[in-house]
Amino acid sequence: MSNEEAPIQQQQVDLEKTPEPAEPKPAEPHPAPAEEPQQPAAAPSADDAQEESHTFRALVLTGHGGYDKIKLQVKTQRMAAGSGELLVRVKACGLNFAELMGRQGLYDALASPPVTMGMECSGVVEAAGEDVEDRKAGDRVIVLSSSGLWQELVVVAADQTFLMPDAMSFQEAAALPVNYLTAHMMLFEMANLRPGKSVLVHMAAGGVGIAATQLCQTVPGVTVFGTASASKHETILQGGLSHAIDYRTKDYVEEIRNISPAGLDIVLDPLGGSDTNKGFGLLKPMGTIVVFGAANCVTGQKKNLLAIAKTWYNQLSISTMKLMQANKSVCGFHLGYMKDFSLIRTTMETLLGLYTEGKIKPRIDSTYHFEEVADAMRRMQERQNIGKVLLLPEPKKEEEKVPEKEAEKEEEKPAEAPASPQEEEKAKPEEAKEDQG
Ligand SMILES: NC(=O)c1ccc[n+]([C@@H]2O[C@H](COP(=O)([O-])OP(=O)(O)OC[C@H]3O[C@@H](n4cnc5c(N)ncnc54)[C@H](OP(=O)(O)O)[C@@H]3O)[C@@H](O)[C@H]2O)c1
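Our subject in this report is the structure included herewith. (Residues numbered from 1 in each chain as written. Predicted model: local features only at pLDDT ≥ 70, side-chain atom pairs only at ≥ 80, totals over all residues. Heavy atoms only, no water.)

1. Re helix 4 (residues 207-216)
Most of helix 4 sits inside the fold, with nine of its 10 residues counted as buried. Every buried residue of helix 4 is listed here: Gly 207, Gly 209, Ile 210, Ala 211, Ala 212, Thr 213, Gln 214, Leu 215 and Cys 216. (Buried < 20%, exposed > 50% of the residue type's maximum accessible area, 1.4 Å probe, protein only. Helix = DSSP H or I, 4+ residues; strand = E, 2+ residues; numbered from the N terminus.)

Set out below in structure tokens:
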């Protein structure tokens, strides 16, 4: 990682003194249904006068580059829930790999800086706008958006929110939507996962990887191969993975062929480049590879043009004639460009049902306060996380601040969250209550 900057411990707080007249809309809805007409900018109305002024913290991407490009800003703005909208007090936010890419300028679905980041969060409804019938103040909700949710207070379209099950903590709620929607749609909509099939899950200890492994376990007799750094194998094997492979020291293709000479039915590919070719080569006839990321482009804090060129040069390129003769499927999935919001809604309902039945459970790797966003990003980028990394809007309390050396030691410790829904069951009562306040 020769091109990395020196790590930055904490972001500076920039206090914006001039109140802006309009509320910061967190984002255009995620995803914006193609058929839905764009709302014209609202003309000033009598309601505007009723908008209260709020002061809140937000994590803003101020330019492309290293960790220091994300600034914690304190804003004072007038905000109110308009028609069909909710004002939500955010309790926890998910960090996604896409945000590492977005910071580097590698994520097309994110608007140009300055932009408030954040695609998923959980929180409590403070006010519901006119025409909102199925949400009210006090409801605990999950919010999905294309960006704008790393903020203490957000105004969102009510139909971009989902009611949290009673037993779900705010941290679990923030960890669920992007990872589990992605894993579920790929496995069940695209790859048609059925009993007895075999699946390769790369980044198996990450957010999507753990979600995919848990979802595979909802289907009888599915064999899950996973690649991950060796230190994470014990945990992910406990979490239901059938075979863990250390891709950093071993040739995973060879390892899989040794166990399953005929190959695999499904490959989920978040890496891109030569790994897509390897995944395609591993497929059995009638097998499916779903390409859904390009993590191989990310090698350090800043954009690495060499890694991008290498990934692009080595990507899978196949003619339809060859594809036909191979009897294989190649699919692409990107939640940020998913236009069918009704599918997202029904999939979320399925996922919340699976959660309530105890069949899936987000694994929380670690939580960081907004002012520690650089540390949160570093944890994911330096491949230390097992499960989801979360950001908490509330300021870090004085007593939580540990001396730097102790903090480093803490980081070495394995995460304490249970690895699987089964393990979770044992810990459920305490865990569920943990952060519902
Ligand atoms: N298309 C979509 O809609 C969609 C939605 C969500 C996520 N994704 C993709 O899914 C993948 C996983 O996303 P996530 O948010 O769940 O993240 P994540 O898996 O938690 O990401 C971090 C982990 O990935 C592994 N990794 C592999 N290559 C890496 C690299 N170049 N840099 C840093 N870590 C790397 C590391 O674990 P090991 O060392 O153990 O492998 C690391 O701990 C990403 O490629 C992301 O872009 C796509």
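2. What to know about the nonpolar core
Residues Trp 150, Val 199, Leu 268, Ile 344, Leu 351 and Leu 391 are the most contacted members of the largest nonpolar core, which totals 88 residues. In contact with Val 199, not counting residues within four places along its chain, are Leu 187, Leu 193, Cys 216, Val 222, Thr 223, Val 224, Phe 225, Ile 266 and Leu 268. Leu 200, Val 267, Ile 289 and Leu 316 belong to the second largest nonpolar core, which has 12 residues in total. (Core = buried A, V, L, I, M, F, W, Y, C linked by side-chain atoms within 4.5 Å. Contact = heavy atoms within 4.5 Å.)

3. Re the site of the ligand
In the neighbourhood of the ligand, 26 residues make up the surrounding shell, with Ser 229, Tyr 247, Val 298, Leu 335 and Asn 385 lying closest. Note that a nitrogen atom of the ligand is positioned 2.8 Å from one of the backbone N or O atoms of Val 298. At 2.6 Å, a backbone N or O of Leu 335 approaches an oxygen atom of the ligand. Those elements that place two or more of their residues in the shell around the ligand are helix 3 (177-190), helix 4 and helix 11 (373-381). The element that contributes the greatest number of residues to the shell around the ligand is helix 3, accounting for three residues. A per-class count over the shell around the ligand returns 13 nonpolar, 10 polar and three charged. (Near = heavy atom within 4 Å. Polar contact = N/O pair within 3.5 Å; in protein donor to acceptor, adjacent residues only side chain to side chain. Nonpolar A, V, L, I, M, F, W, Y, C, P; charged D, E, K, R; others polar.)

4. Quick look at the packing of helix 3 against helix 4
Close contact between helix 3 and helix 4 brings their axes to 8 Å; oriented N to C, the two are set at 50°. Judged by the angle between their axes, helix 3 and helix 4 are oblique. Of the two possible hands of crossing, helix 3 and helix 4 adopt the one that is right-handed. Here helix 3 contributes Asn 179, Tyr 180, Thr 182, Ala 183, His 184, Met 186, Leu 187 and Phe 188 to the contact with helix 4, which in turn contributes Gly 207, Val 208, Ala 211, Ala 212, Gln 214, Leu 215 and Cys 216. The class makeup of the residues in the contact of helix 3 with helix 4 is 10 nonpolar, five polar and no charged. (Axes fitted to C-alpha atoms, helices over the stretch in contact; angles between N-to-C directions. Parallel < 35°, antiparallel > 145°, perpendicular 65-115°, else oblique. Left-handed = near helix turned anticlockwise from the far one by under 90°.)

5. A word on the sheet that holds strand 10 (residues 198-201)
Spatially, the six strands line up as an open sheet ordered 12-11-10-13-14-15, and their pairing is parallel. If you trace the sheet from one side to the other, it starts and ends with strand 12 (243-245) and strand 15 (329-332), each paired once. This sheet shows a mean twist of 15° between the axes of neighbouring strands, independent of strand direction. With three bridges joining them, strand 11 (residues 223-227) and strand 12 adopt parallel strand pairing. (Pairing = 2+ DSSP bridges.)

6. Some words on the packing of aromatic side chains
Between two aromatic rings, the relevant description is the distance of the centres plus the angle of the planes. Evaluation of the coordinates by the stated rule reveals one aromatic pair. Just above the ring of Phe 170 sits the side chain of Arg 140; from NZ or CZ to the centre is 5.1 Å. Seen from the ring of Phe 280, Lys 328 lies directly overhead, with NZ or CZ sitting 4.7 Å from the centre. (Phe/Tyr/Trp six-rings, centres within 6.5 Å; stacked < 30°, edge-to-face > 60°. Lys NZ or Arg CZ within 6 Å of the ring centre and 35° of its normal.)

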